[in-house]
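Here is how the chains run, residue by residue.
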Amino acid sequence: MVMRPSHAFAVVLPLLAAGALWLSTVPAVAGVACPAFDPPRVKVTPQIAPLVRDNGRTIAELATIPGRAPGPAGRSNGHILGLAHARYGEESQFRAMFRPLPGGDVCGAPASLAVTFGFQERRLYVARELPRESCIHGEVLRHEMKHIAVDEALLKEFIPRIQQRLEAVVERIGAVRRRTQEQAMAAIRQPIDTALKQVMQEFTRERDRRQKQVDSPEEYARVSRSCGGELARYLAGVGKARM
């Protein structure tokens, strides 16, 4: 029984989108590297898509879902009874402030950064071969819901961590001075891009670690032995099961 969730990334950072960039015409003070800018605003919002239940896929069809990974029962000796599938990522909107300096240089600083982070799609599958009223259907469903609970708890834990990380990054950027507005924007954007990439990598690693704990050999054995051997009646001639 393989129930390890699959995932895809959707990372969008439209820093140069229309309306995301505005120019301040307040004159700079001669002799000062960069004038003072208003403190930047950072907001991280969690996203958790509704959970969609799907009991219409066969065991063979569940095996073809992109991103699915085999569980500890192995790749060749079983069949998938259930699957928790999720697509997660972040979408960001950024604004910067710019002021011209005497001589043609430009000062720039972050104005606002709004990030939406979380699960953009969630689906929970139980194989069609298992009748909804059956005991084993309930056991597979309960196992899948453990994966869902891990995702929800991890997202709740990460949101304040992402908020603090991005606030610190934006504060460190401060004001930058470059020859052109484009160069100033690139200097502001680079550390934000790096921070978002690091956050995504950390989230993925921790999610994989926690989900593997759910898919333990003991859990597979427990579900397989549950319901007085009911599973064998529904999978007669199909082979061993994986969740």
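Rules used throughout
Residues numbered from 1 in each chain as written. Predicted model: local features only at pLDDT ≥ 70, side-chain atom pairs only at ≥ 80, totals over all residues. Heavy atoms only, no water. Salt bridge = Lys/Arg side-chain N within 4 Å of Asp/Glu carboxyl O. Buried < 20%, exposed > 50% of the residue type's maximum accessible area, 1.4 Å probe, protein only. Helix = DSSP H or I, 4+ residues; strand = E, 2+ residues; numbered from the N terminus. Axes fitted to C-alpha atoms, helices over the stretch in contact; angles between N-to-C directions. Parallel < 35°, antiparallel > 145°, perpendicular 65-115°, else oblique. Left-handed = near helix turned anticlockwise from the far one by under 90°. Nonpolar A, V, L, I, M, F, W, Y, C, P; charged D, E, K, R; others polar. Disulfide = S-S within 2.5 Å.

1. Focus: the pattern of salt bridges
Next up, step 1: Taken as a whole and judged by the stated rule, the model has 18 salt bridges.
Next up, step 2: The residue Arg57 makes a salt bridge to Asp54 at a minimum N-O spacing of 3.6 Å.
Next up, step 3: Assessed through its relative accessible area of 30%, Arg57 is described here as partly exposed.
Next up, step 4: Among the ionic pairs, Glu157 bridges to Arg161, the shortest N-O distance being 3.1 Å. Of this pair, Glu157 and Arg161 both sit in helix 2 (residues 135-173), separated by four residues, roughly a single helical turn.
Next up, step 5: For Glu157, a relative accessible area of 33% gives the class partly exposed.
Next up, step 6: By relative accessible area, Arg161 is classed as partly exposed at 35%.
Next up, step 7: Counted as one network, the salt bridges with shared partners bring together Glu139, Arg142, Lys146, Glu219 and Arg222.

2. Looking at the packing of helix 2 against helix 3 (residues 181-214)
Next up, step 1: The contact between helix 2 and helix 3 brings their axes to 9 Å, and the two run at 155°. As judged from the angle between their axes, helix 2 and helix 3 are roughly antiparallel. In the packing of helix 2 onto helix 3, the handedness of the crossing is right-handed.
Next up, step 2: Its residues assigned to classes, the contact of helix 2 with helix 3 comprises 16 nonpolar, four polar and eight charged.

3. Examining the environment of Val223
Next up, step 1: Topologically, Val223 is positioned in helix 4 (residues 217-225).
Next up, step 2: Remark: the alpha-carbon pair of Val223 and Arg142, spanning 81 residues in sequence, is separated by 9.7 Å.

4. Examining the state of the cysteines
Next up, step 1: Counting across every chain of the model gives two disulfides.
Next up, step 2: The partner cysteine of Cys34 in its disulfide is Cys107, sulfur to sulfur 1.9 Å. Between Cys34 and Cys107 the sulfur-sulfur dihedral comes to about -95°; the bridge is accordingly left-handed. In this pair, Cys34 sits in the loop between strand 1 (11-12) and strand 2 (41-48) while Cys107 sits in strand 5 (residues 106-126), placing the two residues 73 residues apart along the sequence.
Next up, step 3: By relative accessible area, which is 19% here, Cys34 ends up buried.
Next up, step 4: The buried category is assigned to Cys107, whose relative accessible area is 0%.
Next up, step 5: Ordinal numbering of bonded cysteines along the protein chain defines a disulfide pattern of 1-2, 3-4.

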